[in-house]
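# A structural walkthrough
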Amino acid sequence: MTEPLPDPYPVRRAAAVSGVVEPPGSKSISHRALNLTLIGRRSATIENLLDADDIAAFRAVLVAMGWRLRAVSGSGLRVEPQQKDGSQSAVRLDCRSAGTLLRLLVASCAVTPGEWILDGSPRLRERPIGPLVAALRQLGAEIEDLGRPGCAPVRVRGRKLVGGRVEIDAGASSQYVSALLMAALNADGPIELLVPFLVSSPYVDTTLEVMADFGAPVEVRRDGQAREFRVEPRRPELVNGRYRVAGDDSAAAYPAAAAAICGGSVRLRGLSPVATQGDRAFLGLLERMGARVKATEEEIRVEADGYLNAVDCDLSAMPDQVPTLAAAAAFANGTTWIRNVAHLRIKESDRLAAVATELRRAGVAVDELADGLRIDGSPGLVAPPGAPRIPVRTYDDHRIAMSMALVGMRRGGLSIRRPEVVGKSYPGFWRDLSGIRR
């Protein structure tokens, strides 16, 4: 049994970092593989499935929906649909704090026979799903608000969608588009989805890649920022009934950033040699800041001497890495600008406010903008000798905890409240961070 972490968790300074890290399976791909299995209603074995809180929530939902789950060798999971018992009562599905799960399930339950009540944590009830619900209703879905309109909880009665053309506002979340694309596979006719503006577009590209792996390719047309998707109804199915989840590029960003911030070398293994996840582009940002990145078929090596340069960047395509980049920017020469990420305010926390607040408490000069951050780097920032540790607030947000831990590795003098929150996406984070500290 794993020993509980001290709370707050003291982050020790690192003179440099060195070692090998194998990040866990991708959270984004794990969600999509399970969701397509649910929509296809076929047995499947998912290998290298992420073992983290958000995926545990999805697994619990599948059990509540009548599926049988059993572990197979390694980190695999066998998922099998079971016969219904004939009960007509509504089934409650707890999405906990998983925003991706809620949005995928709203659409998936709309095409799954039965009556489903979707709910979650108080924070999840604040996260919007209105544009997705509106688009699904236009396609014949029966969804009833049980609380504030456009938010959980909702009651969904499953049926097939009707074919047709629908426009969706994806300015707040690309997950609306991903959810609808997968649910459109269970429709009476082709569905054409028009998206005038798409935030975090690489996540939709990941959805399209996983759908193709499940035998359900989607036709895509691009016109500037607008995209139009055409989905032909078909039952998603794996060729051999097995699917392997690639390593998580989002999780890999943290040890990579640790090398850039503290200096040293980190080797990342278990990642796809092909950059199929949007957050792989974060390594390019580290290169712009002065790190050196070398990729082979077996691993990606990130090396740095601890001297970083500021950058000016639009992170709308990889918003999850805003806190990570902010941690590196705290020690960079010059002023870093992070732009076009207003949608970070509706994540697990208001991430722009949270990052700005905690960096300031650590002594970093930060301006919080309406849609981003301005950070004046302090390469020589070190905790004053003998000063008490500053307990970092994590706002129940895994990415705030992990990014501020990176700050603590170079600055020193920080401790992380509720360190277990990293279990949402990267349960082995503290072990891996400790393993590369020198």
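Since the structure is predicted, the reported quantities are computational estimates derived from the model, not experimental observations.

## Notes on the overall build of the protein
What the protein contains, in helices and strands, is 12 helices and 25 strands. Over its C-alpha atoms the protein spans a radius of gyration of 22 Å, differing by no more than 12% from the 22 Å that the globule rule assigns to 438 residues. Dimensions along the principal axes, computed over C-alpha positions, put the protein at roughly 65 × 45 × 40 Å. Classification of the 438 residues of the protein by burial places 56% in the buried group. Carbon together with sulfur atoms contributes 48% to the accessible area of the protein, which is approximately 16,900 Å² in total. Of the side-chain charges in the protein, 57 are positive and 51 negative, and the distance between the mean point of each set is 3 Å.

## Topic: the packing of aromatic side chains
Throughout the structure, instances matching the rule amount to five aromatic pairs. When the ring of Tyr 254 is compared with that of Phe 429, the centres are 6.0 Å apart and the planes differ by 85°; the resulting orientation is edge-to-face. Residue Tyr 254 is located in helix H7 (residues 249-262), and its partner Phe 429 is located in helix H12 (residues 429-436); the two are separated by 175 residues in the primary sequence. Judged by relative accessible area, which is 0%, Tyr 254 ranks as buried. With a centroid separation of 5.6 Å and an interplanar angle of 75°, the aromatic rings of Tyr 426 and Phe 429 are classed as edge-to-face.

## Some words on the nonpolar core
By size, the foremost hydrophobic cluster in this structure holds 76 residues, and its most contacted members are Val 106, Leu 118, Val 177 and Leu 181. Here this core gets eight residues from one element, more than from any other, and that element is helix H3 (residues 99-110). In this structure Val 106 touches Leu 118, Ile 129, Leu 132, Val 133, Leu 136, Ile 143, Val 154 and Val 156, once residues within four positions along its chain are discounted. Counting 75 residues, the second largest nonpolar core, distinct from the first, contains Val 311, Cys 313, Val 392 and Met 404.

## Notes on the packing of H7 against helix H8 (residues 282-289)
Between H7 and H8, whose axes approach to 10 Å, the crossing angle comes to 5°. Classified by the angle their axes make, H7 and H8 are roughly parallel. Contact residues: Ala 253, Ala 256, Ala 257 and Ala 260 in H7; Phe 282, Leu 283 and Leu 286 in H8. A class-by-class count of the residues in the contact of H7 with H8 yields seven nonpolar, no polar and no charged.

Rules behind the numbers
In this convention, every chain numbers its residues from 1, walking through the sequence in written order. Only residues with pLDDT of at least 70 are given local features in this predicted model, and only at 80 or more are side-chain atom pairs given and counted; all residues enter the totals for whole chains, interfaces and linings. Excluding hydrogens and water, the side-chain figures rest on all heavy atoms present in the structure. Note on conventions: DSSP H or I runs of at least 4 residues are helices, E runs of at least 2 residues are strands, and numbering of each starts at the N terminus. C-alpha atoms define the radius of gyration in this analysis, and the globule rule sets the expected value at 2.2 Å times the number of residues to the power 0.38. Buried residues are those whose accessible area, probed at 1.4 Å on protein chains only, stays under 20% of the maximum for their type, while exposed residues exceed 50% and partly exposed ones sit between those limits. Accessibility throughout is a Shrake-Rupley quantity obtained with a 1.4 Å probe, and a residue counts as covered only by protein chains that appear here. Asp and Glu are treated as the negative residues and Lys and Arg as the positive ones, with His and the ends of the chain left uncounted. Just so you know, the charge point we use is NZ for Lys, CZ for Arg, CG for Asp and CD for Glu. Note on aromatic contacts: the rings of Phe and Tyr and the six-membered ring of Trp form a pair at centre separations within 6.5 Å, being stacked when their planes are under 30 degrees apart, edge-to-face when over 60 apart, and tilted otherwise. Only buried Ala, Val, Leu, Ile, Met, Phe, Trp, Tyr and Cys residues count toward a nonpolar core, and they belong to the same one when joined by side-chain atoms within 4.5 Å. In this description, contact between two residues means that some pair of their heavy atoms is separated by no more than 4.5 Å. For helices, the axis comes from a line fit to the C-alpha atoms of the stretch in contact; other axes are also lines fit to C-alpha atoms, and the angle between any two N-to-C directions lies between 0 and 180 degrees. Roughly parallel here means an angle under 35 degrees, roughly antiparallel means over 145, roughly perpendicular means 65 to 115, and every remaining angle is called oblique. In this classification, the charged set is Asp, Glu, Lys and Arg, the nonpolar set is Ala, Val, Leu, Ile, Met, Phe, Trp, Tyr, Cys and Pro, and all remaining amino acids, among them Gly, are polar.

All quantities given are derived from atomic positions and should not be read as evidence of function.
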